Amino acid sequence: MMADEPVLYARRFWPRTAVGEIRAQYGDLEAGENAEGSECRVAGRVMSRREHGKATFITLRDGWDDIQLFANVNALGDEVYREFTRLDIGDIVGVDGYVFKTRRGELSVFVEKWVLLSKSVRPLPEKWHGLQDRETRYRQRYADLIANPEVAAQLKTRCAFVSAMRRYLEGQGFIEVETPILQPLHGGAIAKPFVTHHKALDTDLYLRIAPELYLKRLLVGGFDRVFEIGKNFRNEGISLVHNPEFTMMELYWAYVDYNEIMELVEQMIPALAQEVLGTTVITVDENEIELAAPWPRVTIDELLRENLDLSLAEMRANNGAGRRALEERRVQTEPEDDFAALVDRALKHLAWPTLVSPTFAIDYPLELSPLAKRHPDDPQLVERFQPIIAGREIGNAFSELNDPADQRGRFEEQAEKKAQGDEEAHVVDEDYLRALEYGMPPAGGLGIGIDRLVMLFLGVDSIRDVILFPQLRPEEFFR
RNA sequence: GCGGGCAUAGCUUAGCUGGUAGAGCAGGGGACUCUUAAUCCCAAGGUCGAAGGUUCGAAUCCUUCUGCCCGCACCA
């Protein structure tokens, strides 16, 4: 390299002072005042530049904190000052200087020395309107994060939320584990899986649709409070509320049933809101919603009676009556809908919209829940609940089925459905049954869709706004 | 998967019933030593998403394709 060739990409600039610290330390400086002993080095991205001949202002962004740089020809000399004015918006620079406040009261760093740390050779989106184009925002999230600080703030809140949940659960004695994402059978949920192939084993593997069956194997193995926060993968449509990979928290707690899980949920959710948002009141669709416990419990049977004028037993006994009741309320049904599908439609389209404040919908029909324990009062029901907030399901939980014979029967019913062409039905997992045969302690389990809960907390409509890199069709140059 | 909408410069956009594209910011040159959407002057930047078609003439009308957005279906 030639000796006088400018360095466009430097190696290090350390130690440095975070702009946040400078703001905290010198925020209350008087306008026009220089801070004594405030020699510092700051670094960040040039966001804007205001040049006034022999003096220049630059807005520097260090992470998510902005600070103004002031440079003039007196301090730097003609040559160095001239180079400084040639900085482009987007460049990353390091500065040595001291802190002062301008006559207009803007906290600033007076530039005594500066160095280019990284050259930006591609123009940044416009400063005033930011980056608006949705496609560019999602495809080039890096540019979105620079141009739209409020987007960065939202995504950061998501990170804070996950972190808070992890700490909360650890505080309750739960151990975080990691279970296979590549699974030889896809279980724990009803969904279409992604399939891949392992060359050395010469076998197809599925990306997990849920970690459930592995976590319950851990219950058998003696982990009596476990959780996992991780990605699930479902090969289904993409929408405002669906991304092919999404983040779930699942936990399993031995020696309790769904009652204790409900208590955990109604305590944890407001606690997380308090920590991350600073309040237990969220605003969704212009409704103010108080998250604090207690949350009312209402049975599926009651919900159907209220919204469909049919009991669960009546719907089970008479498919046609359920179908008619739905159609009368302008809920579309499909000819192949069985009892389970009709109940599901009634809940989604009629019952949930009435549940704005947090509510536990409890006691589901057996047919919807092949992994849940039967209800002691009614063998046609299972001890299952879903927490509903603002009409949205934010999780799913039940007393875990630990009777291997019952579980085998339920798997076989699912296998029957599969044989009849239902490609999403559950498969028989012989290893899981073997684990249950060793004896699984009674336990409650819970799954919470992190993305959707964060959407609720932030009051955003699109799942893409809470996922750093949402799935899109690949760009030309990838295909 | 089906239906509707959108696609103009790096970014944000104007362009009406068809007459051959205009601006702001960014970038280039110049002036200016406390500005903060700095200001002022100058110059440059567009195969109007792609391919066909209609027309003397298409950013504009039609067809197909691609991508995104929004509904619906499936699902969390």
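Rules behind the numbers
- Residues numbered from 1 in each chain as written.
- Chains lettered and ligands numbered in written order.
- Predicted model: local features only at pLDDT ≥ 70, side-chain atom pairs only at ≥ 80, totals over all residues.
- Heavy atoms only, no water.
- Core = buried A, V, L, I, M, F, W, Y, C linked by side-chain atoms within 4.5 Å.
- Buried < 20%, exposed > 50% of the residue type's maximum accessible area, 1.4 Å probe, protein only.
- Helix = DSSP H or I, 4+ residues; strand = E, 2+ residues; numbered from the N terminus.
- Contact = heavy atoms within 4.5 Å.
- Near = heavy atom within 4 Å.
- Polar contact = N/O pair within 3.5 Å; in protein donor to acceptor, adjacent residues only side chain to side chain.
- Nonpolar A, V, L, I, M, F, W, Y, C, P; charged D, E, K, R; others polar.
- Patch = residues over 30% accessible without salt bridge, like charges linked within 9 Å, V, L, I, M, F, W, Y side chains within 5 Å.
- Areas by Shrake-Rupley, 256 points an atom, 1.4 Å probe, with all protein chains shown as cover.
- Salt bridge = Lys/Arg side-chain N within 4 Å of Asp/Glu carboxyl O.
- Phe/Tyr/Trp six-rings, centres within 6.5 Å; stacked < 30°, edge-to-face > 60°.
- Pairing = 2+ DSSP bridges.
- Domains from an automatic or database assignment.
- Arc of directions from axis to C-beta.

Caption draft 1: The nonpolar core, seen in detail. Counting residues in each nonpolar core, the largest one holds 46 residues, and the members touching the most others are M165, L169, M249, L251 and M268. Looking at this core element by element, the count peaks at 9 residues for helix 7 (residues 258-277). If we ignore the near neighbours within four places in the chain, the residues touching M165 are I229, M249, M268, L272, I448 and I450. Among the nonpolar cores identified, the runner-up in size contains 44 residues, and L219, L355, L381 and L436 belong to it.

Caption draft 2: Molecular detail of helix 14 (residues 450-458). Burial of helix 14 is extensive: 7 of the 9 residues sit out of reach of the surface. Burial in helix 14 covers these residues: I450, D451, L453, V454, M455, L456 and F457. Backbone geometry just after helix 14 places G459 at a positive phi near 65 degrees.

Caption draft 3: Representation of the protein's contact with RNA strand B. If you check the shell around RNA strand B, you find 50 residues, and the closest are N74, R104, H242, R452 and R473. Near the protein, within 4 Å, the atoms of RNA strand B are sugar or phosphate in 59% of cases. One of the backbone nitrogen or oxygen atoms of D133 is found 2.8 Å away from a phosphate oxygen of RNA strand B. If one sorts the elements of the surface near RNA strand B by residue count, helix 3 (residues 134-139) sits on top with 4 residues. Across the surface near RNA strand B, the residue classes break down as 15 nonpolar, 12 polar and 23 charged.

Caption draft 4: Representation of the side chain of R137 in the model. Of note, R137 is situated in helix 3. Engagement of the side chain of R137 in a polar contact is seen with the side chain of D144, the distance being 2.9 Å.

Caption draft 5: Local environment of a nonpolar patch on the surface. Residues L8, Y9 and V121 make up a contiguous nonpolar surface patch of about 320 Å² in total accessible area. Residue position: Y9 is located in the segment before helix 1 (19-26). Accessibility expressed as a relative area gives 47% for Y9, which makes it partly exposed.

Caption draft 6: Main features of the packing of aromatic side chains. Going through the model one piece at a time under the given rule, you end up with 13 aromatic pairs. On the numbers, 5.7 Å between centres and 80 degrees between planes, the contact of F174 with W253 is edge-to-face. With F174 in the loop between helix 5 (149-171) and strand 6 (175-176) and W253 in strand 11 (residues 245-254), this residue pair connects regions lying 79 residues apart in the sequence. Here F174 and W253 have matching classes, each one buried. Relative to F360, the ring of W295 lies with its centre 5.2 Å away and its plane at 35 degrees, an arrangement referred to as tilted. Residue W295 is located in the loop between strand 13 (287-290) and strand 14 (297-299), and its partner F360 is located in strand 15 (residues 359-365); the two are separated by 65 residues in the primary sequence.

Caption draft 7: Quick look at the pattern of salt bridges. Tallying each qualifying case throughout the model produces 33 salt bridges. Two residues, E83 and R86, come together in a salt bridge whose shortest N-O distance is 3.7 Å. Overall, E83 belongs to the partly exposed group, its relative accessible area being 38%. Overall, R86 belongs to the partly exposed group, its relative accessible area being 45%. The partner of D88 in a salt bridge is K119, and the shortest N-O contact between them spans 3.0 Å. One end of the pair, D88, is in the loop between helix 2 (73-85) and strand 4 (92-101); the other, K119, is in the loop between strand 5 (107-118) and helix 3, with 31 residues separating them in the sequence.

Caption draft 8: Spotlight on the sheet that holds strand 8 (residues 195-198). If you trace the 3 strands from one edge of the open sheet to the other, you get 7-9-8, paired in antiparallel fashion. Unpaired on one side and paired on the other, strand 7 (182-183) and strand 8 mark the two borders of the sheet. Pairing between strand 7 and strand 9 (residues 203-207): 2 bridges, direction antiparallel. In the strand pairing of strand 9, L182 is matched with L207.

Caption draft 9: Fine view of the domain arrangement of chain A. Taken domain by domain, chain A holds domain 1 (19-118) and domain 2 (147-296 + 357-478). Here the C-alpha centroids of domain 1 and domain 2 sit 48 Å apart.

Caption draft 10: Broad picture of helix 13 (residues 430-438). When helix 13 is considered as a whole, its buried residues turn out to be Y432, L433, A435 and L436. Summarising the axial view, the buried residues of helix 13 lie within an arc of 155 degrees, below the 170-degree limit, and thus occupy one face. Facing away from the buried side of helix 13 by more than 90 degrees, the exposed set consists of E437 and Y438. Looking at the buried residues of helix 13, the elements they touch are helix 6 (212-220) and helix 12 (404-419). At the N-terminal boundary of helix 13, the capping side chain belongs to D429, with an oxygen 3.3 Å from the backbone nitrogen of D431. After helix 13 finishes, the residue G439 shows a positive phi value of roughly 105 degrees.

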